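Fold and geometry: a report
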Amino acid sequence: MAQLQQMKCEACRAGAPTVTDEEREEYQKQVPDWHIVERDGIPRLERVFTVKDFATALALANKVGVIAEEEGHHPALLTEWGKLTVTWWTHKIRGLHRNDFIMAAKTDKAYASLK
Ligand SMILES: C[C@H](O)[C@H](O)[C@H]1CNC2=NC(N)=NC(=O)C2=N1
């Protein structure tokens, strides 16, 4: 299995297939700190990052924002004192696509690069 962190998101189109259970299981091995939550009937990949204060949470949010713009794939971000909650899903297909797992892996890399 190729490393999700190195992959690029593909342009997502309406009607693209959501990940199968087998694919999800395979991808989740590479992003074990993320869990799947369902809200408004849409499954989402989510992780709460603990950081030392609000400024650091904001710095991480901005790092994730840069990657999102580079990849053309965007998260929901909740920035709080000492915490950043990142949630990935694909709006166009109201579900999970490989892109979401790629971005989760890239988010982990951004967190690891925080000073
Ligand atoms: C036009 C623009 O590229 C699309 O709307 C992109 C923007 N970012 C996106 N981000 C996510 N998470 N899902 C999408 O379907 C999506 N679509």
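Now for a look at the structure at hand.

Analysis parameters
- Residues numbered from 1 in each chain as written.
- Predicted model: local features only at pLDDT ≥ 70, side-chain atom pairs only at ≥ 80, totals over all residues.
- Heavy atoms only, no water.
- Salt bridge = Lys/Arg side-chain N within 4 Å of Asp/Glu carboxyl O.
- Helix = DSSP H or I, 4+ residues; strand = E, 2+ residues; numbered from the N terminus.
- Buried < 20%, exposed > 50% of the residue type's maximum accessible area, 1.4 Å probe, protein only.
- Patch = residues over 30% accessible without salt bridge, like charges linked within 9 Å, V, L, I, M, F, W, Y side chains within 5 Å.
- Areas by Shrake-Rupley, 256 points an atom, 1.4 Å probe, with all protein chains shown as cover.
- Lys, Arg positive; Asp, Glu negative; His and termini not counted.
- Charge placed at Lys NZ, Arg CZ, Asp CG, Glu CD.
- Polar contact = N/O pair within 3.5 Å; in protein donor to acceptor, adjacent residues only side chain to side chain.
- Contact = heavy atoms within 4.5 Å.
- Pairing = 2+ DSSP bridges.

Some thoughts on the pattern of salt bridges
In the structure shown here, the tally under the stated rule is 10 salt bridges. The residue R98 makes a salt bridge to E10 at a minimum N-O spacing of 3.8 Å. Of this pair, R98 sits in helix α3 (residues 98-112) while E10 sits in the segment before α1 (21-28); the two residues are 88 residues apart in sequence, bridging distant segments of the chain. Residue class for R98 comes out partly exposed when judged on its relative accessible area of 29%. On the basis of relative accessibility, which here comes to 41%, the residue E10 falls in the partly exposed class. The shortest N-O distance in the salt bridge between K52 and D53 comes to 3.3 Å. What emerges from the salt-bridge pattern is a single network uniting K8, E71 and K106.

Concerning a negative patch on the surface
A contiguous patch of negative charge, built from D21, E22, E23 and E25, is present on the exposed surface. Note that E22 resides in helix α1.

A closer look at the side chain of R44
Tracing the backbone shows R44 in strand β2 (residues 42-50). Within the structure, R44 has its side chain in polar contact with the backbone oxygen of R39 (distance 3.0 Å). Setting aside residues no more than four positions away along its own chain, R44 makes contact with H35, I36, V37, R39, T87, W88, W89 and L96.

Thoughts on the pairing of strand β1 (residues 35-39)
One ladder, built from 5 bridges, connects β1 with β2; its direction is antiparallel. Counted as the bridge partner of E38 is P43 from β2. Connecting β1 to the antiparallel partner β2 that follows it, the hairpin turn spans 2 residues, and D40 within it adopts a positive phi of roughly 50°.

Taken by themselves, the reported measurements are silent on function.
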